[in-house]
Amino acid sequence: MSVAKKEYKRITVKTLVDMKAYGEKISMLTAYDYTMAKIVDGAGIDVILVGDSASNVMAGHETTLPITLDQMIYHASSVVRAIDRALVVVDLPFGSYQSDPKEALRSAIRIMKESGGHAVKLEGGKEIKESIKRILNAGIPVMGHLGLTPQSIYKFGTYTVRAKEEQEAADLIKDAKLLERIGCFAIVLEKIPAKLAKEVAESVSIPIIGIGAGSGVDGQVLVLHDMLGMTHEFHPRFLRRYMNLYEEMTNAISQYVDDVKTVDFPNDSEQY
Ligand SMILES: Nc1nc(=O)c2c([nH]1)NC[C@@H]1CN(c3ccc(C(=O)N[C@@H](CCC(=O)O)C(=O)O)cc3)CN21
Ligand SMILES: CC(C)C(=O)C(=O)O
Ligand SMILES: [Mg+2]
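Small disclaimer: the values here were computed from a predicted structure and weren't measured.

A.B. asks: What exactly am I supposed to notice about helix 4 (residues 69-80) here?
C.D. replies: Since there are 3.6 residues in each turn of an α-helix, residues three or four apart along the chain are aligned in direction. An ideal rise of 1.5 Å per residue puts 16 Å on twelve residues; helix 4 measures up with 16 Å between its terminal C-alpha atoms. Among the twelve residues of helix 4, nine are classified as buried, and the element is accordingly described as predominantly covered. Each element contacted by the buried residues of helix 4 is listed here: helix 2 (34-42), strand 2 (47-50), helix 3 (54-57), strand 3 (87-91) and helix 5 (101-115).

Take a look at the structure:
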């Protein structure tokens, strides 16, 4: 199963478009720090997303809204120092691109210059079209993000499945085609019906990366800490847990506490 991942020396935005054309699925995970990114890259992931989910996972905020551009740059620069192969995509955080296209470009340039990331991701469709065009015109690759867009959570009020109504679904397909037309190299589709996601993937030639969007798309993304089972209170239907690290870490740490208390640690070979 892990044959294809060694074939590309370094993943570029062009590689991903080729992978879709050849029918090879794209693997993507988040990372926010050097040590985790080193493991994820070494295991053969295609794309690392420095997600604004760092706001939840790293900082403990309830939403992605509070994380700042400076904080995203700190996370992204740590990730970039770790990678040899993966493409690094960085989320533009809430408030760093919505005001006007010039601000969007300034924020994207700061990410590229100060973190060394390879591309940026923005949430939204036609409403941010001009901002995306500005960023693309500067030679910065852009990944789109449609469907459930967590930066607009207060507009919707819930994290429920998006685009279940016909009008919303039609708008989403239009937005995906628009993002392709203006030059985005890929699109994340979050929490929409699998049938609709498949239809979108078949309607555009750029890769569609799904999270909670079924198997008919061109790749999958998950939050690293979720798939490792560290965020044990988060269990949406779309999440597959590959480990139960929450439990394993709790056991390891409580064992350490016991060992310190009982002076089992350190033993003779663990001291000078
Ligand atoms: N740890 C983590 N994982 C994520 O996937 C993630 C973040 N944080 N933060 C930013 C966004 C928010 N995301 C979310 C948040 C909630 C659900 C969700 O399905 N929540 C509930 C259902 C809510 C509802 O139906 O009203 C669930 O079933 O867990 C999905 C994606 C995805 N992103
Ligand atoms: C869930 C993914 C797509 C994301 O945007 C993030 O982690 O911030
Ligand atoms: Mg995000």
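A.B. asks: Just to check I follow, could you spell out the coordination of the magnesium ion (ligand 3) for this structure?
C.D. replies: A metal bound by six donors in octahedral fashion has ideal angles of 90 or 180 degrees, whereas one bound by four tetrahedral donors has an ideal angle of 109.5 degrees. Protein coordination at the magnesium ion (ligand 3): the donors are Asp52 (OD) and Asp91 (OD), at 2.1 to 2.2 Å from the metal. In this pair, Asp52 sits in the loop between strand 2 and helix 3 while Asp91 sits in strand 3, placing the two residues 39 residues apart along the sequence. Each member of the pair, Asp52 together with Asp91, is buried.

A.B. asks: How should a negative patch on the surface be read in this particular structure?
C.D. replies: A cluster of acidic residues, Glu165, Glu166, Glu168 and Asp171, forms a negative patch at the surface. On the secondary structure map, Glu166 appears in helix 8 (residues 166-182).

A.B. asks: I keep staring at the UniProt feature "binding site: 3-methyl-2-oxobutanoate" (unreviewed entry) in the protein chain and nothing clicks. Help me out?
C.D. replies: Per the UniProt annotation, the sites labelled "binding site: 3-methyl-2-oxobutanoate" (unreviewed entry) are Asp52, Ser53, Asp91 and Lys121. These residues run over 70 residues, yet every pair of their C-alpha atoms falls within 12.6 Å of each other. Of note is the side chain of Asp91, whose polar atom sits 2.8 Å from the backbone nitrogen of Asp52. Along the polypeptide, Lys121 turns up in strand 4 (residues 119-121). When its relative accessible area of 2% is taken as the criterion, Lys121 is described as buried. Beyond its immediate chain neighbours, meaning those up to four positions away, Lys121 contacts Leu49, Val89, Val90, Asp91, Leu92, Met143, Gly144, His145 and Val188.

Calculation criteria
- Residues numbered from 1 in each chain as written.
- Chains lettered and ligands numbered in written order.
- Predicted model: local features only at pLDDT ≥ 70, side-chain atom pairs only at ≥ 80, totals over all residues.
- Heavy atoms only, no water.
- Helix = DSSP H or I, 4+ residues; strand = E, 2+ residues; numbered from the N terminus.
- Expected span 1.5 Å × (residues − 1).
- Buried < 20%, exposed > 50% of the residue type's maximum accessible area, 1.4 Å probe, protein only.
- Contact = heavy atoms within 4.5 Å.
- Donors = N, O, S within 2.8 Å, 3.2 Å for Na, K, Ca; no water.
- Patch = residues over 30% accessible without salt bridge, like charges linked within 9 Å, V, L, I, M, F, W, Y side chains within 5 Å.
- Areas by Shrake-Rupley, 256 points an atom, 1.4 Å probe, with all protein chains shown as cover.
- Salt bridge = Lys/Arg side-chain N within 4 Å of Asp/Glu carboxyl O.
- Lys, Arg positive; Asp, Glu negative; His and termini not counted.
- Charge placed at Lys NZ, Arg CZ, Asp CG, Glu CD.
- UniProt positions renumbered as here; feature names shortened; annotations may be inferred.
- Polar contact = N/O pair within 3.5 Å; in protein donor to acceptor, adjacent residues only side chain to side chain.

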